[in-house]
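Structural overview
So the chains spell out like this:
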Amino acid sequence: MSESTSPIERVLVTGGAGFIGSHTCDRLLGLGKTVLAVDDLSTGHRENLAGALESPDCTLVEADAADPAAMERVFDDFEPDAVVHLAALVSVPQGEAEPGRNFRLNVAATQVVADAARRGICRRIVFASSAAVYGNSEALPLREDGATDPISQYGAAKLMSEKLLRAYAISYGLAATCFRFFNVYGPRQDPRSPYSGVVSIFADRYRAGQPVTVNGDGGQSRDFIYVGDLARAVAAAATDPAQRGGVYNLCTGRATTLLDLIDILAAEYPEVPAPSFGPERAGDIRHSLGDPAAAREVLAVTNDTPFADGIRALLASL
Ligand SMILES: NC(=O)c1ccc[n+]([C@@H]2O[C@H](COP(=O)([O-])OP(=O)(O)OC[C@H]3O[C@@H](n4cnc5c(N)ncnc54)[C@H](O)[C@@H]3O)[C@@H](O)[C@H]2O)c1
């Protein structure tokens, strides 16, 4: 892996107009970096970068991260020191419906971006992997050295990308950091998408005064991480020359149930009728929880925005 310790000033962010991407761009600008967001605006929105684009240090280019010629051009023009690769087909159900598209966007695009990096001066890549690589593992909390056994096209593709990047690190000296994101929530997560996370959908409904329907008894739990905390970790891995790469969970280690979420929302909107409870959704796992220790140790960042504070920040942004 790269032994270079030269400063990292220019960072390219694929998927930069998305939910996580736009927060990452904000954070990088806050660190004084020059940022190029690359996005095809398929699920992202230019408005997500409204604040960032007011800075002369941020530019948005519309391009397909899976297109080798387009990526070579972008890398040649911008000459990034580091790339954060977030562009993806983010929906698990869509990955099942369109496995070819999933492969192109969640595997081939990773190779395209890594290759564009290694051809130029860029020696550092941060990749958005997912807790989906663990599949239905019940060995909670999930640790990076535990078994991976994805059960979806999406999860399999994320794991393949991790392996590809590991090989790029060994073969070409790229410092490659793969972050397994758990359930990310916060401002700019699109509640209108049918594949949006439960937090943004429930928050949106409570704010509109409408009751929610819970699939199952609400006792299912997730490890919800606030997007601002996540973006801090991603930006640190991209810009700290001491970071040498590796595979890390980005999570909190806290199990939060849907009933916990509902309690917080109900306290904010006491006029909204109580939720109703429907049948469990087929294939849903009951509990998911990650071990955050490895990332905390190596990155020296905390990711502990209390859930209620994160939810209030989300509500304030709607
Ligand atoms: N949100 C979560 O809880 C979560 C959990 C695990 C992993 N992830 C991963 O984090 C990354 C960001 O996800 P997000 O939640 O911000 O979703 P998002 O849809 O808001 O962001 C993805 C961005 O990538 C862009 N994009 C898609 N295909 C592209 C292409 N071919 N070329 C250029 N741009 C393209 C989209 O327009 C969008 O702006 C993804 O890789 C996703 O798989 C997210």
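Before any of the text, the structure's been laid out above.
Scope of this entry: the structure provided in the associated data block. (Residues numbered from 1 in each chain as written. Predicted model: local features only at pLDDT ≥ 70, side-chain atom pairs only at ≥ 80, totals over all residues. Heavy atoms only, no water.)

1. Re the overall build of the protein
The line we're drawing: Helix and strand definitions here come from DSSP, where helices need a minimum of 4 consecutive H or I residues and strands a minimum of 2 consecutive E residues; each element is numbered from the N-terminal end. C-alpha atoms define the radius of gyration in this analysis, and the globule rule sets the expected value at 2.2 Å times the number of residues to the power 0.38. Per-residue accessibility, obtained with a 1.4 Å probe over protein chains only, is compared with the maximum for each type, and a residue is labelled buried under 20%, exposed over 50%, and partly exposed between these values. Two residues form a contact once any of their heavy atoms are found within 4.5 Å.
When its secondary structure is counted, the protein shows ten helices and 13 strands. The C-alpha atoms of the protein give a radius of gyration of 19 Å, which matches the 20 Å a tight globule of 318 residues would have. For the protein, the C-alpha atoms occupy an extent of roughly 55 × 45 × 40 Å along the three principal directions. In the protein, buried positions account for 50% of the 318 residues. Relative to all contacts within the protein whose residues are 6 or more apart in sequence, the contacts with residues 24 or more apart total 81%.

2. Considering the state of the cysteines
The condition that has to hold: Only a pair of cysteine sulfur atoms within 2.5 Å counts as a disulfide in this structure description.
Counting across every chain of the model gives zero disulfides. Summary of cysteine pairing: Cys58 is not part of a disulfide, and the nearest cysteine sulfur, belonging to Cys25, is at 5.2 Å. Cys122 carries a free sulfur, and the closest cysteine sulfur to it, the one in Cys178, is 14 Å from it. Judged by its relative accessible area of 1%, Cys122 is buried.

3. Thoughts on helix H8 (residues 258–268)
So the rule is basically this: By arc we mean the arc of the directions from the helix axis to the C-beta atoms, nothing more.
Among all positions of H8, only Leu258, Leu261, Ile262, Ile264 and Leu265 are buried. Seen end-on, H8 carries its buried residues on one side only, within an arc spanning 160 degrees. Exposed residues pointing more than 90 degrees away from the buried face of H8 are listed as Asp263 and Ala267. Structurally, H8 contributes buried residues whose contacts are with helix H6 (198–207), strand S8 (213–215), strand S12 (256–257) and helix H10 (307–317).

4. Notes on the packing of aromatic side chains
Counted only if it meets this: Each pair of aromatic rings taken from Phe, Tyr and Trp, with Trp reduced to its six-membered ring, is defined by centres within 6.5 Å and is described as stacked if the planes are under 30 degrees apart, edge-to-face if over 60, and tilted in the remaining cases.
Inspection of the entire model under this criterion finds seven aromatic pairs. Between Tyr168 and Tyr172, the ring centres sit 5.2 Å apart and the planes meet at 45 degrees, which makes this aromatic pair tilted. One end of the pair, Tyr168, and the other, Tyr172, are both in helix H5 (residues 153–172), four residues apart, so they sit about a helical turn from each other. Residue Tyr168 is classed as buried on the basis of its relative accessible area of 7%. A centroid spacing of 6.4 Å and a plane angle of 45 degrees characterise the contact between Phe179 and Tyr248, whose relative ring orientation is tilted. You can see Phe179 sitting in strand S6 (residues 175–181) and its partner Tyr248 sitting in strand S11 (residues 246–250), a full 69 residues away along the chain.

Geometry only, nothing functional implied.
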